[in-house]
Amino acid sequence: MELRLYDTLTREKRPFVPIDASRVRMYVCGPTVYDYAHIGNARPVIVFDVLFRLLRHIYGVDHVTYVRNITDVDDKINARAAERGISIQDLTKTTYENFKADVDALGCLPPTVEPRATEHIDAMKEIIERLVKAGCAYVAQDNVLFHVAAMKDYGKLSNRSLDEMIAGARVEVAPFKKDPMDFVLWKPSKPGEPSWPSPAGITTPGRPGWHIECSAMAWKHLGETFDIHGGGIDLVFPHHENEIAQSRCAFHTNVMANYWMHNGFLQVEGEKMSKSLGNFVTIHELLKDWPGEVVRLNMLRTHYRQPMDWTVKGLEESSKILDGWYDIIGDETNSSGSPDADFVSTLCDDLNTPNALTQLHRIAGEVRAQTAGSAQIELKRTLRASGMLVGLMAQSRRKFMQAYPRRATVDETKVGSLIEARRQARAAKDFKESDRIRDELAAMGVVLKDSKDGTTWEIAR
């Protein structure tokens, strides 16, 4: 089964051929830990978790290395810590733990490695020393800057003109720069900021620029060249463009990664997400009202490369879809089934999750059309195994219902007794009593669903 991925650098969808099939390597830019992550941050986390799962399915669990970094030294972190009157270490520890809890709730597998920027300062300094030695970077007023002119095809990833790159990079004007596009690899620390001994013969303590950290962490955990580099479309320029320049010039390679993948922008209710508009939504806030699995499914209903409009209506639709699928698989947790071949094939077409979800609807329809028996059981297991490949239907229906934050809890024993009493009343054709019991259950917030296989129930939304 051929996996095809769209490469931002070559602007084409092409067959994925790993450098080493026994060690498929992927790097994805992770969070800057200074506050709760917003729903836009969740998109790359979910998208590349799906790719991680698919790669493991194709090449084997032990043959895929997924690195997602943690930025724990940054201007925003410094400012937020000062604003709260706490140490930078305390801020990053708490915010990372919050992020981890949120993405766990979204059903994301932990990456193979989650390196921290502050643990790779020596690697950053080594790359900087290499760049200075190669004439690709220079020291100016205790800063080390990358000289963009040293990278002949700089800008190829973003495919922008010089004027567009200058505007997009929000170039900082500094008299010591050789060129306005040159960017910081290392800078002197201000009082109260984290600092380390500087590279390149600089005596003033300093700290790394943003872009250099990913070059260092990718190098240390995946090598000079690896298979896939991913992140949000907003990172293409300048962050990923600068990563490429740093890594290629430091290691004298033709490429940094063979495939560059980027997810599209996300807006909320038709508008750009902004605190000033009051539509800034964090993952943490969403999880108070919706199960992580509903949030995940809603994200997967739009192809990862397309812009996405995040709406409450979409969440409601996703919730109904999941309810239907869980009604089918019930409390069966047997994981012996295999994913449907057409489902996997669709997913292998550049992570076409919308069409893959259509395949799940097809399988669900086949289950409903099938009479009870071994064939139906196998179809249910296929449905569940297919869903699990994209991080859905990994639990029983009952656990899913119990974990729904907006649904009231009820006495399940009492519900079961009332449903049995209603069954007996219906068998005795005492429809008045049957209706009375249904009304009693409805007053408890319980909705009954009668089918040829019996009666199931759920908590009303």
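Residue numbers restart at each chain and count upward from 1, following the sequence in its written direction. Whole-chain, interface and lining totals are the exception, using all residues; otherwise, since this is a predicted model, local features are given only for residues with pLDDT of at least 70 and side-chain atom pairs are given and counted only at 80 or more. The side-chain figures draw on all heavy atoms in the structure; neither hydrogens nor water molecules are used.

S.K.: Can you lay out the sheet that holds strand β4 (residues 64-68) for me, pointing to particular residues and giving the numbers?
M.R.: What the four strands build is an open sheet, ordered β4-β3-β9-β10; its pairing is parallel. Where the open sheet ends on each side, the last strands, each with one partner, are β4 and β10 (257-263). Going across the sheet, the axis of each strand differs from the next one's by a mean of 20 degrees, ignoring polarity. Between any two strands, at least two bridges found by DSSP are needed for them to pair. Helix and strand assignments follow DSSP, with helices taken as H or I runs no shorter than four residues and strands as E runs no shorter than two, numbered in order from the N terminus. In this structure, strand β9 (residues 226-232) lies alongside β10, joined through six bridges in parallel fashion. Opposite Gly232, over in β10, you have Asn263 as the bridge partner. This element, helix α6 (residues 210-222), spans β3 (24-28), β4 and β9 of the sheet and lies at about 160 degrees to β3. Here an angle of 0 to 180 degrees is reported between the N-to-C directions of two axes, which are lines fitted to C-alpha atoms, with helices fitted over the stretch in contact. Residues are treated as being in contact if the distance between any of their heavy atoms lies within 4.5 Å.

S.K.: Please give an account of the nonpolar core that cites residues and values.
M.R.: Nonpolar cores were defined as sets of buried Ala, Val, Leu, Ile, Met, Phe, Trp, Tyr and Cys residues, with membership established by side-chain atoms within 4.5 Å. Each residue is placed in one exposure class: buried if its accessible area under a 1.4 Å probe, protein chains only, is under 20% of its type's maximum, exposed if it is over 50%, and partly exposed if it falls in between. Counting 77 residues, the largest nonpolar core has Met26, Ile39, Leu51, Leu55, Ile228, Trp310 and Trp325 as its most contacted members. Residues contacting Leu51, with those up to four places away along its chain left out, are Leu5, Met26, Ile228, Met261 and Leu351. Counting 45 residues, the second-largest nonpolar core is a separate cluster that includes Leu9, Ile128, Leu185 and Met256.

S.K.: Before we move on, can you summarise the pattern of salt bridges with the specific residues and values?
M.R.: Counted as salt bridges are all cases of a side-chain nitrogen of Lys or Arg within 4 Å of a carboxyl oxygen of Asp or Glu. Evaluated as defined, the whole model comprises 32 salt bridges. A salt bridge links Asp72 to Arg116, with the nearest nitrogen and oxygen atoms 3.5 Å apart. Taken together, the positions of Asp72 in the loop between β4 and α2 (75-84) and Arg116 in the loop between α3 (88-105) and α4 (121-133) put the pair 44 residues apart, joining distant regions of the chain. For the pair Asp72 and Arg116, a shared accessibility class is recorded, and that class is buried. Among the salt bridges present, the one from Glu433 reaches Arg436, with a minimum N-O distance of 3.0 Å.

S.K.: Run through the pairing of β10, naming residues and quoting values.
M.R.: With six of seven residues buried, β10 lies mostly within the body of the structure. Once the chain exits β9 it traverses helix α7 (residues 236-251) before rejoining the sheet at β10, and the crossover so formed is right-handed. Handedness rule for crossovers: strands pointing away from the viewer, path from the first strand over the helix to the second running clockwise, crossover right-handed.

S.K.: Could you give me a rundown of the side chain of Asp49, with the residues and numbers involved?
M.R.: Along the chain, the position of Asp49 falls in helix α1 (residues 39-59). Look at Asp49 and you get buried, because its relative accessible area is 1%. Apart from the residues lying within four places of it in its own chain, the contact partners of Asp49 are Pro44, Gly107, Cys108, Leu109 and Arg296.

S.K.: I'd like a description of the sheet that holds strand β8 (residues 206-208), backed by residues and values.
M.R.: Spatially, β5-β6-β7-β8 is the arrangement adopted by the four strands of the open sheet, whose pairing is antiparallel. Each edge of the open sheet carries a strand with a single partner, namely β5 (137-140) and β8. On average, adjacent strands in this sheet sit at an angle of 20 degrees to one another, irrespective of strand direction. In the sheet, strand β7 (residues 183-188) pairs with β8 via three bridges, with the strands oriented antiparallel. Pairing of Trp186 across the sheet is with Pro208, part of β8. Packed on one face of the sheet, α4 meets β5, β6 (143-146), β7 and β8 and runs near 120 degrees to β7.

S.K.: An account of the packing of helix α10 (residues 312-329) against helix α13 (residues 374-389) is needed here, citing residue identities and associated values.
M.R.: Contact pair α10 / α13: the axes reach a minimum separation of 9 Å and the direction vectors enclose 140 degrees. When the axis of α10 is compared with that of α13, the two are oblique. As for the relative orientation of α10 and α13, their crossing is left-handed in sense. Across from Trp325, Ile328 and Ile329 in α10, the residues of α13 making contact are Lys380, Leu383 and Arg384. Note on residue categories: nonpolar means Ala, Val, Leu, Ile, Met, Phe, Trp, Tyr, Cys or Pro, charged means Asp, Glu, Lys or Arg, and polar means any other residue, Gly included. A class-by-class count of the residues in the contact of α10 with α13 yields four nonpolar, no polar and two charged. What sets the label is the angle itself: under 35 degrees gives roughly parallel, over 145 gives roughly antiparallel, 65 to 115 gives roughly perpendicular, and the rest give oblique. In this scheme, a crossing is called left-handed if the near helix is turned counterclockwise away from the far one by less than a right angle; it is called right-handed if the turn is clockwise.

S.K.: Any details on the packing of aromatic side chains? Residues and values, ideally.
M.R.: Pairing of aromatic side chains requires ring centres within 6.5 Å, counting the rings of Phe and Tyr and the six-membered ring of Trp. Pairs whose planes differ by under 30 degrees are stacked, by over 60 edge-to-face, and all others tilted. The final tally for this structure, using the stated rule, is nine aromatic pairs. Seen from their ring centres, Phe146 and Phe183 are 5.1 Å apart, and the 20 degrees between their planes marks the pair as stacked. Of this pair, Phe146 sits in strand β6 while Phe183 is found in strand β7, placing the two residues 37 residues apart along the sequence. Like Phe183, Phe146 is buried. With a centroid separation of 6.5 Å and 70 degrees between ring planes, the pair formed by Tyr154 and Phe237 is classed as edge-to-face.

S.K.: Tell me about helix α15 (residues 412-427), and please be specific about residues and values.
M.R.: Expected helix span is taken as 1.5 Å per residue step, with the number of steps being one fewer than the number of residues. The terminal C-alpha atoms of α15, which comprises 16 residues, lie 22 Å apart, in line with the 22 Å expected from a rise of 1.5 Å per residue. Of the residues making up α15, those classed as buried are Val415, Leu418, Ile419, Arg422 and Ala425. Buried residues along α15 cover an arc of 120 degrees about the axis, so they all sit on one side. Relative to its buried face, α15 has exposed residues pointing more than 90 degrees away, namely Thr413 and Ala427. Against α16 (431-443), β14 (446-451) and β15 (454-459) lie the buried residues of α15. The arc in question is the one spanned by the directions pointing from the helix axis to the C-beta atoms.

S.K.: If you had to explain the packing of α4 against α7 to someone new, which residues and values would you point to?
M.R.: Where α4 contacts α7, the axes come no closer than 9 Å and their chain directions differ by 70 degrees. Comparing the axis directions of α4 and α7 gives the class roughly perpendicular. The way α4 lies across α7 gives a crossing that is left-handed. Residues Ile127, Arg130 and Leu131 of α4 lie in contact with α7, whose contacting residues are Gln246, Cys249, Ala250 and Phe251. Among the residues making up the contact of α4 with α7, the classes are represented as five nonpolar, one polar and one charged.

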